[in-house]
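Residue-level listing of the chains:
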Amino acid sequence: MSSSAEIRESFLSFFEERVHERVASGPLVPPNDPTLMFANAGMVQFKDVFTGKEERAYSRATSSQKCIRISGKHNDLENVGVTARHHTFFEMLGNFSFGDYFKRDAIQFAWDYFIDTLGLEPERLVVTVFGGEDGLAPADDEAATIWKDVTGFPNERIIRCGAKDNFWQMGDTGPCGPCSEIHYCLGLDDIDPRTFGDEPAADGRGWFELWNLVFMQFERHADGKMVPLPAPSIDTGAGLERIAVVKQGVLSNYDTDLLRPIVDLASDISGKTYRGSQSDDDISMRVIADHARTTAFLISEGIFPDRDGRAYVLRRVMRRAIRHGHRLGIMEPFLHHCALRVAENMGDVYPQLTERRALIEEITQQEEERFRRTLERGLQMIADNDQWVDRGKARSLPGAVAFKLYDTYGFPIDLQELIGQEQGFEIDQAGFDRELEQARLRSQGSKVGSRAVADIYPALAQELGAVEFLGYETERAESEVVAIIQDGTRVDSLPEGADGEVVTRATPFYAEQGGQVGDRGVIEADGARFEVEDTQKPVDGLSVHRGRAVSGAIRVGTTADLHVNGELRAATRRNHSATHLLHWALRNVVGETAAQKGSLVGPDRLRFDYSATRPLDAREIEQIENLVNARILDNTEITTEPLPMDEAKRRGAIGIFEEKYGDVVRMLTIGPSLELCGGTHAQRTGDIGLFKVLSETGLAAGVRRIEATTGLNALRHLRRVEAELGSTAGLLKAPAHQLHDRVERLLEQQKAAQREIDRLKRSIMSGDSADLSAGAREVDGARVLGATVDIGDAGTLREMADQLRDKLAPAVVLLGSPSKDGKKAMLVCSVSKALTDRFRAGDIVKAAASVVGGSGGGRPDFAQAGGSDPSKLGEAVTIVYELVGAA
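These lines cover the structure that appears in this document, whether it is placed above or below. (Residues numbered from 1 in each chain as written. Predicted model: local features only at pLDDT ≥ 70, side-chain atom pairs only at ≥ 80, totals over all residues. Heavy atoms only, no water.)

Before going further, it helps to examine the overall build of the protein. Broken down by element type, the protein carries 25 helices and 36 strands. For the protein, the spread of C-alpha atoms along the three principal axes comes to 105 × 80 × 50 Å. Within the protein, buried positions represent 50% of all 887 residues. When contacts within the protein are restricted to residue pairs at least 6 apart in sequence, those whose partners lie at least 24 apart make up 68%. In the protein, 106 side chains carry a positive charge and 136 a negative one; their mean positions are 5 Å apart. (Helix = DSSP H or I, 4+ residues; strand = E, 2+ residues; numbered from the N terminus. Buried < 20%, exposed > 50% of the residue type's maximum accessible area, 1.4 Å probe, protein only. Contact = heavy atoms within 4.5 Å. Lys, Arg positive; Asp, Glu negative; His and termini not counted. Charge placed at Lys NZ, Arg CZ, Asp CG, Glu CD.)

Okay, structure coming up:
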C-alpha cells in the first residue's frame, strides 16, 4: 500500500471496521460558520455536533476533509514551495468521537493503524503530551500513561510540551482540552529523540508531525475557569500528504503522487528540469503545483477570483502562481492546464472536479489572461518608479504606489512583497494600509461569510427545538406562540404598535433561504393582530416572524392563527419554478459551465446569478425564453421526492454550489429540470403563465446575472414596454414598426451635424493657433509657448497643443482653458520627442496644476491636468518659461 488513494481508503476503512460512520468531506466554504474563511480542519463540519447544537445518528465518524489554510494564524502562503511540508490546500484524515470513546481508544486506534495497517517503524516515532501550565490545566499524565501501556515507549519517547503545541481550544470559551501528537523521524539514519524539536532540513529530513489527537475534556467559561465536560470527545487530524511521504519513501510532500504530477507538468511547460532543490526555479514549480490544487478546488465550489473576501484569496493564490510561471519564462497562459491535471488526478475522489472541469478551465484561463494584460505594465511601473523611500539599508516602495499596483493593476500586496524580495525592496505597509482604508471608506467592501447572529437565536433554537414547517401543504395553520423578541431581548408580550419577532411551535410561513424570500402575512391571537413583514431563519431550525403588532398585544403561550399572504406566495411559487426552468434552459443554450452562483426569488421577480465569461446575445436570450415558455405550455405536474443525497445525484439532480444539504434531500422535477430544493413551487408548469427576461448584466469577474419575471408581472412588463413604444412613436410621428428606421435617420443626421461642428472648431482653432504661435520664445534651439485659450473642450485643447507643438517643433507647449461651465481649469502640455530628455511634460503640467489648485500627470511627451481655480490660468501657463529657463 503506497498510493495516496490506497492510504486514504485504508484509513477510512480502518475506522469503518471500528464502527465509525464514513462521512464525505464537508465543503471548503463552511455553510454555517461565519467565523471561518475556509474549512481548515476535519472537525469543522462537526463543530455543531461537538458543541451540542446538532445531533447526528452516529457517535463515531471518520472522514478525509479537504482543507485550505491561507489567512489568519494559519498563513502558510509565504512558506509554500520553500519547505517540504507547507501547503495552501491539503487533505486531513480524521476520526471523531462525540461523547463515545475517549483517550485510551483514540491512542490505541492511532497506534494500531500506524503500526499494524501501515507498517510504520515504531523506532522512528515519538509522541507528545500536554505537560501542564499554571492557570490553564494540569499535565495530561493520563495520556502519557496510556501511551506507555500501548507502545512500551520509555519516558524519553513520550515528550511533554506546553500549551502552544499541546493544548487545543475552539475559541476563548467553549470546548477545549489537551492534545497528543505523533511525530516521525524522516530520512535520518541516526534516530535520536533528543533532537526532537529541531527544525527539519529544507529537503524534509528530520522530525515532523504525522497525527494530532485532541482530547476535548473541558469547557472553558468566560472567567477562564475550566470544568470537565459531561461527555468528553475526540477530534483527530492526520495529513494525507505527510503520511504519503512516509509510505512512498520520499522526503518532500511535492514528490508524492498527490503533487509530483503537477510539478512535472510545470517543468514540461516551462522547459526547465525539476531537481527537487531549493533553487528559485524549483520553488516556483512547487508553488504552481500547490496553488493549482487550491485553484481547482475553490472554483469547483463556486468561488471565482474577484476583489473581496474568499474570491480575493483565490485571486491572490492564482496570481502568485501566474507570477511564478512568468519568472520561469512561461509567457502564455498555463495555469488552467495545471488545474485540469488536478481534476484528472483527484476527480475520482472529488467528483465535482470532473463535473465542473470545463468551468475550472474557463475561469482559470480567463483570470490568467486578465492578469497577464496588466503584469508587464505593473512590473514596468515598479521599474520606472522614482518615488522610493530610503530606509537605511533597504529602499521602500511608497504606500500610494503599492496601492495603485494593487487597485489598478491587480497586484496583491503579498505578490508585491515577493517581487520586492527578488528585486531588493520593501513595501511601505503602513502607507498601503492608509490608502486601502481610504478606499474602503469610499466604497465598503463585502464581508467574509454571513453576518454572525445574535446569541439569542442559537439559545432559542437549543431550548425550543426545530420549528415545524407546514408550508408545503398549507398556507394557514394554528400553533402556539412560544417566544417573542423585542429589540434583541425575549419578552412575554409585544404591545400594540411595537415591532418585534414572533416564534411559534409550527408555521406555514416559509423562512428566507435558498434564495427564496420569506413569506408575509398575518398572525392573530386572542384578538391581537401581528402583521408579518418578513420570515427569517437566523439559525438552522428556527423560523422567526418579523413584523409589527398592529392591534392588541400578542403574548407568549397563546394559540395563534397564522395566515400566509396567498397572492404573494403564489407569485413567489411561479418565480421559483421558473428559476429552475431558466437554469435548465441556460445550460442547454450556453453549456454546463453556466452553473448557478446564487439566486433571489420574490413575488415580483426572480434573479439568477450564473458563471459565465461573456454576456448572452439577443439570439440566446430568445432561445432561453422559448425553451422556458414551451415547458410552461406543456403544463406538466411539478413533483417533489425526498431521496438520499447519493440517489438524487445518481439521477442527475443538481444543486447550488453554496447550499447546505442534509443526508436526505428534496428533489424537484419540473419538466426536464431535476434540482435539489427546499423552497415552495407551483403545482404545474402551466401555473407559471408567462416567462420574460428583463435584463442580463455582468455582476463580477466570471459571474453574470439574469433578471426575469412571470405571470401577471410579466404581462404588466410587456404592457409598459408597449406603452413606451407607443409614446415614442407619437413623439416621432411614426408608426411603431417604422421607429427603428426613423431613429437611425435621426442619429445619422446628428452625426453629420457633429462632424460639421468639429470642422468649424478646427477652422477656428487653426486661426487661433496661428495667432498663438507668434508668442513663442526661443530657448537653446527650442521654442517654448505658454498661453490661455477659451475652448472648454479637453479633446480640442489637446489637439490644439499637438498642432502648435508640430508647427513650432522642436517645442514645448503649455495651454490652459476654463471648462465649459467656467468652474474648472484645464491644462495640457505637449513636448516634442526630441526634447523629452530635457523637459518632461508630466513635471511641467504638475507644477502648473499646483497654481490652479489641482494635480495631474502623464507621459514625458504629453500630460494633462485639472484644477479648481480657472482665474489663475494666466499665471499657471507662464510657469513653462520658468521651468525651461526662458523667463
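Looking now at the sheet that holds strand S36 (residues 862-867). Across the sheet, six strands lie side by side as S31-S32-S33-S34-S36-S35; this open sheet has mixed pairing. In the strand order of this sheet, the two ends are held by strand S31 (777-779) and strand S35 (855-858), each with one partner. Averaged over all neighbouring strand pairs, the angle between strand axes comes to 15°, with direction disregarded. In the sheet, strand S33 (residues 811-818) pairs with strand S34 (residues 825-831) via seven bridges, with the strands oriented antiparallel. Bridge pairing in S34 links Pro818 to Ala825. Against the sheet, helix H22 (residues 794-808) contacts strand S32 (782-788), S33, S34 and S36, and its axis sits at roughly 155° relative to S33. Set on the sheet, helix H23 (residues 841-851) makes contact with S33, S34, S35 and S36; between it and S36 the angle comes to about 10°. (Pairing = 2+ DSSP bridges. Axes fitted to C-alpha atoms, helices over the stretch in contact; angles between N-to-C directions.)

Overall, antiparallel pairing links the three strands, which are arranged S26-S27-S28 in an open sheet. At either margin of the open sheet sits one strand with a lone partner, and together these are strand S26 (639-644) and strand S28 (673-676). Put simply, the sheet's adjacent strands are angled 30° from each other on average, direction ignored.

Let's shift gears to helix H12 (residues 357-384). The first and last C-alpha atoms of H12 sit 41 Å apart over 28 residues, in line with the 40 Å expected at 1.5 Å per residue. Residue Thr374 marks the point of greatest curvature in H12, where the axis turns by about 30°. (Expected span 1.5 Å × (residues − 1). Bend = angle between axes of the 7 residues up to and from the residue.)

Mapped onto the elements of the fold, Thr685 is located in the loop between S28 and strand S29 (691-700). Among the residues examined, Thr685 registers a relative accessible area of 0% and is labelled buried.

Our focus in this paragraph is the environment of Asp428. Relative to the helices and strands, Asp428 resides in the loop between strand S12 (425-427) and helix H15 (429-442). Separated by 27 residues in sequence, Asp428 and Val401 have C-alpha atoms that sit 9.3 Å apart. Only 3.1 Å separates the side chain of Asp428 from the backbone nitrogen of Gly431, close enough to count as a polar contact. (Polar contact = N/O pair within 3.5 Å; in protein donor to acceptor, adjacent residues only side chain to side chain.)

Another aspect to go through is the pairing of strand S3 (residues 89-97). Extensive coverage of S3 is indicated by the burial of nine of its nine residues. Of the two faces of S3, both are covered, the one formed by Phe89, Glu91, Leu93, Asn95 and Ser97 as well as the one formed by Phe90, Met92, Gly94 and Phe96. Pairing analysis gives nine bridges linking strand S2 (residues 60-68) to S3, with the strands arranged antiparallel. Residue pairing in the sheet places Ser63 in a bridge with Gly94 of S3. Judged from the four bridges that link them, S3 and strand S9 (residues 226-239) form a sheet pairing that is antiparallel. The residue bridging Ser97 from the neighbouring strand is Ile234, located in S9.

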